[in-house]
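An overview of the molecular structure
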Amino acid sequence: MKNLLSIKELTGEQIRMLLDLGHRLKSERGNHRELPLTGQTWALIFSKSSTRTRVSFEVGISELGGRPMFLSTRDIQLGRGEPIKDTARVLGRMIHGAVIRTYGQEEVEEFAAYSKIPTINALTDLEHPCQILADLLTIEEKYGVGSWKEMKISFLGDVDNNMGRSWMWAAKHLGFTLALAGPEKALPKAETLAELDCPNIICTTDPAEAVRDCTVINTDTWISMGQEAEKGTKEAAFFPYQVNAELLKTAAPGHSVFHCLPAYRGYEITEEVLEAHAPVIFTEAENRLHAQKAVLYTLAKDNA
Ligand code: CP
Ligand code: NVA
């Protein structure tokens with residue numbers, strides 16, 4: 001692997017390899033056989049807020065022998081208009097890898113192309129690949145490895161956001177049933193579905209249909225970072241898609257509710273449901289560290 005820019009660009013085999021490695025690195029935490037980032041500096045270039053992603057990358061880079069360098073775009077010249085391609089060519093001569101959180105997917109792609117160093121998408125408006133790898137790892141820990149085709153997963157709310165799109169590509173690569181439920185306007189566009197060409201993705205405006213017999217029910221904020229101005233107009237249409245106890249009555253026995261966090265209680269999820277599923281939700285957050293270590297490890301090895 002040269003970069004991790006999206007789930008779309010991965011293959012099912014690469015996802016399998018990253019998950020296997022993630023499970024192994026989690027079990028070996030504190031006692032890794034190899035530290036492939038030894039002597040390396042990896043920059044975290046963030047234009048948006050972050051708790052989980054920043055901390056898990058800083059810890060993961062350190063634990064694999066490297067040195068993380070956090071660069072807020074508020075502080076570097078990129079934030080004052082220096083072009084990405086110039087920033088990328090400068091950093092590419094000094095550091096060994098980059099983890100980027102920004103708005104446009106084309107920004108991480110341009111950085112990767114010009115810097116020529118391994119580049120990781122730490123969330124764009126298009127995809128959130130690191131979160132999906134952590135979620136897949138968490139599902140395998142809870143429900144076993146290798147049962148993807150029998151799994152029904154749902155995603156409720158703002159389903160055509162970065163999380164929803166990464167889930168869609170994961171369904172394409174792994175073959176699980178993915179039911180997406182949200183207001184008509186929030187469902188994926190016909191061209192997105194045509195590009196995916198994936199019969200195991202179901203889109204519906206009926207939240208009960210999406211949740212019925214479902215093992216993993218996912219949700220995310222209705223207002224992603226950068227969309228704050230839409231809060232007033234957007235929110236009302238989403239309340240029927242709130243993950244609450246009533247909606248979960250028809251989910252499969254032993255189901256789990258997932259949330260990538262941060263959660264907005266009383267909006268996309270109730271306090272009661274979040275707290276009932278807190279053990280798995282905070283394991284999801286922890287697994288960011290282990291899944292991303294698998295990505296860092298693979299990129300360091302493959303680009304050595
Ligand atoms: N889930 C996630 O990416 O969290 P942060 O925004 O805190 O990094
Ligand atoms: N969809 C959310 C995810 C946050 C981790 C956002 O982009 O803000």
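Refer to the preceding data block for the structure.
Okay, so let's go over this structure. Everything numeric here is computed off the predicted structure, so don't read it as measured data. (Residues numbered from 1 in each chain as written. Chains lettered and ligands numbered in written order. Predicted model: local features only at pLDDT ≥ 70, side-chain atom pairs only at ≥ 80, totals over all residues. Heavy atoms only, no water.)

**Some words on helix 5 (residues 129-143)**
Over its 15 residues, helix 5 extends 21 Å from the first C-alpha to the last, a length consistent with the 21 Å expected when each residue adds 1.5 Å. Across the 15 residues that make up helix 5, a large majority, 12, are buried. Positive phi appears at Gly 144, one or two residues downstream of helix 5, with a value of about 100 degrees. (Helix = DSSP H or I, 4+ residues; strand = E, 2+ residues; numbered from the N terminus. Expected span 1.5 Å × (residues − 1). Buried < 20%, exposed > 50% of the residue type's maximum accessible area, 1.4 Å probe, protein only.)

**Focus on the packing of aromatic side chains**
Counted under the stated rule, the structure contains 7 aromatic pairs. Between the aromatic rings of Trp 222 and Tyr 267, the centroid separation amounts to 6.2 Å while the plane-to-plane angle is 85 degrees, which identifies the pairing as edge-to-face. Here Trp 222, found in the loop between strand 8 (216-219) and helix 9 (231-234), pairs with Tyr 267, found in the loop between strand 9 (256-259) and helix 10 (271-276); they are 45 residues apart in sequence, far enough to count as distant. An aromatic cluster of at least three residues, connected via ring pairs, comprises Trp 222, Phe 238, Phe 239 and Tyr 267. Taking NZ or CZ as reference, Arg 54 lies 3.5 Å from the ring centre of Phe 70, over its face. (Phe/Tyr/Trp six-rings, centres within 6.5 Å; stacked < 30°, edge-to-face > 60°. Lys NZ or Arg CZ within 6 Å of the ring centre and 35° of its normal.)

**What to know about the site of ligand 2**
Taken together, Leu 123, Asn 161, Asn 162, Asp 220, Thr 221, Ser 224, Met 225 and Leu 261 are the residues near ligand 2. Between ligand 2 and the protein, one listed contact pairs a nitrogen atom with a side-chain N or O atom of Asn 161 at 3.5 Å. For ligand 2, an oxygen atom lies 2.8 Å from a polar atom in the side chain of Asn 162. A total of 270 Å² of accessible area belongs to ligand 2 in isolation, and the protein chains cover 94% of it. Taken atom by atom, the bulk of ligand 2 overlaps the largest pocket. Grouping the constituent residues of the shell around ligand 2 by class yields 3 nonpolar, 4 polar and 1 charged. (Near = heavy atom within 4 Å. Polar contact = N/O pair within 3.5 Å; in protein donor to acceptor, adjacent residues only side chain to side chain. Areas by Shrake-Rupley, 256 points an atom, 1.4 Å probe, with all protein chains shown as cover. 1 Å grid on protein atoms, 1.4 Å probe; cavity = no way out; pocket = protein on both sides within 12 Å on 5 of 7 lines; lining within 4 Å. Sits in = over half its atoms within 2 Å of the grid points. Nonpolar A, V, L, I, M, F, W, Y, C, P; charged D, E, K, R; others polar.)

**Some words on the environment of Leu 4**
Inspection of the secondary structure puts Leu 4 in the segment before helix 1 (12-27). Between the C-alpha atom of Leu 4 and that of Val 99, which follows or precedes it by 95 residues, the distance is 9.3 Å. Excluding residues that lie within four positions of it along the chain, Leu 4 makes contacts with Glu 9, Leu 10, Thr 119, Ile 120, Asn 121, Pro 129, Cys 130, Leu 133, Val 295 and Leu 299. (Contact = heavy atoms within 4.5 Å.)

**Some words on the layout of surface pockets**
As a volume, the largest pocket reaches approximately 490 Å³. Lining the largest pocket are 28 residues, and of these Thr 221, Ile 223, Met 225, Pro 262 and Tyr 264 lie nearest its centre. Class assignment for the residues of the lining of the largest pocket results in 10 nonpolar, 9 polar and 9 charged. Within this model, the second largest pocket holds a volume of roughly 380 Å³. Taken together, 19 residues make up the lining of the second largest pocket; nearest its centre are Asp 158, Lys 185, Ala 186, Glu 230 and Lys 234. Put simply, the parts of the chain that give the lining of the second largest pocket at least two residues each are helix 6 (162-174) and helix 9. (Points joined across faces, edges and corners; volume = space filled by probe spheres on them.)

**Quick notes on the nonpolar core**
Counting residues in hydrophobic clusters, the biggest one holds 76 residues, and the most contacted among them are Ile 120, Leu 136, Ile 153, Trp 167, Phe 176, Leu 178 and Ile 217. Top contributing element to this core by residue count: helix 11 (residues 278-302), with 10 residues. Core analysis: the second largest hydrophobic core is formed by 15 residues, Ala 43, Leu 71, Ala 98 and Ile 100 among them. (Core = buried A, V, L, I, M, F, W, Y, C linked by side-chain atoms within 4.5 Å.)

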